[in-house]
Amino acid sequence: MILKKIPTQLVKDYLLMSIAFFWLVIILHPVYFGEFRLGEMDMRYTLVQFVLMIFVLAISELTVTYVLRLPFSYTDELTIRLKHFVLCAVFAIPLSTAVMNQLWVLNRFGLEHWDYAWIYFDGSFTMKWYIRTLPFCIVTSVIIQVVSMTILSQIRLTRYMFLELMEMNKLLESEQKVLRSRLPKDNVTDKIIINGDSRESLIVNPLDIMYVESVGNYLSIAYFNESELCQKRLRSSLKEIEETLEAFPFMVHIHRAFLVNINFITQISGNSAGYKVNMFSTDKVLPVSKANVTTFRDKIKELEKNL
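Residues numbered from 1 in each chain as written. Predicted model: local features only at pLDDT ≥ 70, side-chain atom pairs only at ≥ 80, totals over all residues. Heavy atoms only, no water.

**Student:** In this structure, what is going on with the side chain of Thr133? I would like to understand it.
**Tutor:** For Thr133, the location among the structural elements is in helix 4 (residues 128-182). Of the polar contacts made by the side chain of Thr133, one reaches the backbone oxygen of Tyr130; its length is 2.9 Å. (Helix = DSSP H or I, 4+ residues; strand = E, 2+ residues; numbered from the N terminus. Polar contact = N/O pair within 3.5 Å; in protein donor to acceptor, adjacent residues only side chain to side chain.)

**Student:** Would you explain the sheet that holds strand 6 (residues 218-225) in this entry?
**Tutor:** By definition, the strands of a sheet pair up through backbone hydrogen bonds, in either a parallel or an antiparallel sense. The 5 strands are arranged 7-6-5-9-8 in an open sheet whose pairing can be described as antiparallel. If you trace the sheet from one side to the other, it starts and ends with strand 7 (228-235) and strand 8 (251-255), each paired once. Each adjacent strand pair in this sheet contributes to an overall mean axis angle of 20 degrees, direction not counted. Summarising the sheet, strand 5 (residues 209-215) and strand 6 pair through 6 bridges and their orientation is antiparallel. (Pairing = 2+ DSSP bridges. Axes fitted to C-alpha atoms, helices over the stretch in contact; angles between N-to-C directions.)

**Student:** Teacher, can you tell me more about a nonpolar patch on the surface here?
**Tutor:** Taken together, the side chains of Val67, Leu68, Leu82, Val86, Val90 and Phe91 make up a nonpolar region of the molecular surface, amounting to roughly 510 Å² of accessible area. Ranked by residues supplied to the nonpolar patch, first place goes to helix 3 (residues 78-109) with 4 residues. By relative accessible area, which is 51% here, Val90 ends up exposed. (Patch = residues over 30% accessible without salt bridge, like charges linked within 9 Å, V, L, I, M, F, W, Y side chains within 5 Å. Areas by Shrake-Rupley, 256 points an atom, 1.4 Å probe, with all protein chains shown as cover. Salt bridge = Lys/Arg side-chain N within 4 Å of Asp/Glu carboxyl O. Buried < 20%, exposed > 50% of the residue type's maximum accessible area, 1.4 Å probe, protein only.)

**Student:** Honestly, the packing of aromatic side chains in this entry has me stumped. Any pointers?
**Tutor:** Working definition: an aromatic ring pair is given by the centre-to-centre distance plus the angle between the planes. Considering all chains together, one arrives at 7 aromatic pairs under this definition. Measuring from ring centre to ring centre gives 6.5 Å for Trp118 and Phe125, while their planes differ by 10 degrees; the resulting arrangement is stacked. Arranged with centres 6.1 Å apart and planes meeting at 50 degrees, the rings of Phe224 and Phe280 form a pair that is tilted. Of this pair, Phe224 sits in strand 6 while Phe280 is found in the loop between strand 11 (274-279) and strand 12 (285-288), placing the two residues 56 residues apart along the sequence. The cationic tip of Arg233 hangs over the ring face of Tyr218; the distance from NZ or CZ to the ring centre is 4.7 Å. (Phe/Tyr/Trp six-rings, centres within 6.5 Å; stacked < 30°, edge-to-face > 60°. Lys NZ or Arg CZ within 6 Å of the ring centre and 35° of its normal.)

Listed below in structure tokens is the structure:
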């Protein structure tokens, strides 16, 4: 398995989260957690803590990505992104609590009593200060994770999709121009026969097919006949007609129920829920399934290279 690299944008966002954590410590200084008061933190230790938080987040991210083998991408499904962030929090909270614990003890008792974080006054091992700093770390972690999931993640995903849609529409437009100029020269003008399971068939020029829709055990083929949009219903499967049209690169599988001719796509649109394609001379809007988004995008880019 080849893992994706940790996105640069995610690293930047973790830096933003660390800054947010730093300001959270300052803003919430009147808050008490047991005997632990944030207002007692010296600014020097808070700055050190800020640097250490970046380190903690980096360790958590590296662990989840390369040890648990769950790489992160802003384009992943929400459940995958949520799982990734939760696992990062599982590692980050204990580590950040240990950092907070040690720094607070150093601030309160001084460097000569650094071991008070784990060794009690009588020499016995203690988790006293750790437990008392844990609630704050849980609260701040939850806040940061919620912000990252509901705001940062959505902003990154929206921006990514916007840029990708612009790129795909630009590629689509240039490819359609090339296809229109080259296909007739390649003698793709002969009509083909599309047979159904019954005696019915359709004789059509592949260039005139707008899209094919699978409806149960039937296919609904939308095509142009002398500039008139027609529909033909055949008893067949999408797989069979896909094999028939395999030689024509302009026919693209965008959904388990749709096969489209990219020459008739007027625009590719969409949001975080997925892509949609608008078809020429009709108000028909066809969905691009999440399973086919990558294939659809790669097909367009592949056509650009080959044409």
